[in-house]
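Each chain, written out:
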Amino acid sequence: MTGNSAVATLPRHPRAAAQARRVLEEVAPADCTVADTAALLLSEVVSNAVRHADGAAIEVAVARDEAAGGITGAVFDTEPGMSAGARSGDEPVDEMETGRGLDLLEALAVSWGVTTVGDHGKWVWFQLSGY
């Protein structure tokens, strides 16, 4: 970990989202206006990896870009493809129990995406600005 970035390998377990938020706290300044949004999005991406990917661990990376005033979060899992999970546009929202994570990325992140690493897995990442 440096002052502007942190990387952690976490067990693929339901507690991983809380552990990922602690990694974010190491990087986000105390007065960061997007810290709560970053914590929400990081939790969603980690939860998706825990729920849909294989493997014993996931990797979490968080970086702060002081010049641009932004935070980038990324989660690596060993599943190369995205699951065909539901999004809120697929069914009435009041009937959904899950499936809002990608909608949150779309609504709250400046940008987000998926970068595959051959057949080894993928990074799901997002960027926020304005701290």
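If you're wondering where the values come from, they're calculated on a predicted model, not measured in any experiment.

Enquirer: Quick question: what am I supposed to make of the nonpolar core here?
Expert: Generally speaking, soluble globular proteins have nonpolar side chains that are buried together. Formed by 31 residues in total, the largest nonpolar core has its most connected members in V46, I58, V60 and F126. Every element with two or more residues in this core is listed here: β1 (5-11), α1 (16-27), α2 (35-52), β2 (57-65), β3 (70-77) and β5 (122-129). When residues in this core are grouped by element, the largest group, 9 residues, is from α2. If we skip the residues at most four places from it in the chain, V46 touches A16, A17, A20, I58, V60 and V75.

Enquirer: I would appreciate a short explanation of the pattern of salt bridges in the present structure.
Expert: Opposite charge on two side chains lets them pair, provided their charged atoms get close. Taken as a whole, this structure holds 2 salt bridges when the rule is applied. In this structure, the salt-bridge partner of E66 is R64, at a minimum N-O distance of 2.7 Å. Residue R64 is classed as buried on the basis of its relative accessible area, which comes to 16%. Between D77 and K122 there is a salt bridge, and its shortest N-O distance comes to 2.8 Å. Taken together, the positions of D77 in strand β3 and K122 in strand β5 put the pair 45 residues apart, joining distant regions of the chain. D77 sits in the buried class, given a relative accessible area of 4%. Taking the relative accessible area as the measure of exposure, K122 reaches 5% and is therefore buried.

Enquirer: Quick question: what am I supposed to make of the pairing of β3 here?
Expert: Consecutive side chains of a regular strand alternate in pointing toward one face of the sheet and then the other. The element β3 is extensively covered by neighbouring structure, given that 7 of its 8 residues are classed as buried. Bridge analysis of β2 against β3 gives 7 bridges, and the strand direction is antiparallel. By the bridge assignment, V60 is partnered in β3 with V75. Count of turn residues in the β2/β3 antiparallel hairpin: 4 residues, of which G69 carries a positive phi of about 70°.

Enquirer: Looking at this model, I keep getting lost on the packing of α1 against α2. Mind explaining?
Expert: For any two helices packed against each other, one specifies the crossing angle of their axes together with the interaxial distance. Orientation of α1 relative to α2, taken along the N-to-C sense of each, is 145°, at an axis distance of 8 Å. Where α1 crosses over α2, the two elements pack in a sense that is right-handed. Judged by residue contacts, A16, A17, A20, R21 and L24 of α1 engage A35, A38, A39, L42, S43, V46, S47 and V50 from α2. Taken together, the residues that form the contact of α1 with α2 break down as 10 nonpolar, 2 polar and 1 charged.

Enquirer: Is there a simple way to think about α2 in this case?
Expert: A turn of α-helix holds 3.6 residues, and therefore any two residues three or four places apart point the same way. If you check α2, its first and last C-alpha atoms are 25 Å apart, about what 18 residues at 1.5 Å a residue would give, namely 26 Å. Of all the positions in α2, only A35, A38, A39, L41, L42, S43, V45, V46, A49 and V50 are classed as buried. Looking at the packing, one finds that the buried side of α2 touches α1, β2, β3, α3 (101-108) and β5.

Enquirer: Whenever I open this one, the side chain of R64 confuses me. Can you help?
Expert: Here R64 lies in strand β2. Here the side chain of R64 touches N4 through a polar contact of 2.6 Å, side chain to side chain. Contacts of R64, omitting those with residues within four sequence positions, involve G3, N4, V27, P29, G70 and Y131.

Reading the values: rules and limits
Residues numbered from 1 in each chain as written. Predicted model: local features only at pLDDT ≥ 70, side-chain atom pairs only at ≥ 80, totals over all residues. Heavy atoms only, no water. Core = buried A, V, L, I, M, F, W, Y, C linked by side-chain atoms within 4.5 Å. Buried < 20%, exposed > 50% of the residue type's maximum accessible area, 1.4 Å probe, protein only. Helix = DSSP H or I, 4+ residues; strand = E, 2+ residues; numbered from the N terminus. Contact = heavy atoms within 4.5 Å. Salt bridge = Lys/Arg side-chain N within 4 Å of Asp/Glu carboxyl O. Pairing = 2+ DSSP bridges. Axes fitted to C-alpha atoms, helices over the stretch in contact; angles between N-to-C directions. Left-handed = near helix turned anticlockwise from the far one by under 90°. Nonpolar A, V, L, I, M, F, W, Y, C, P; charged D, E, K, R; others polar. Expected span 1.5 Å × (residues − 1). Polar contact = N/O pair within 3.5 Å; in protein donor to acceptor, adjacent residues only side chain to side chain.

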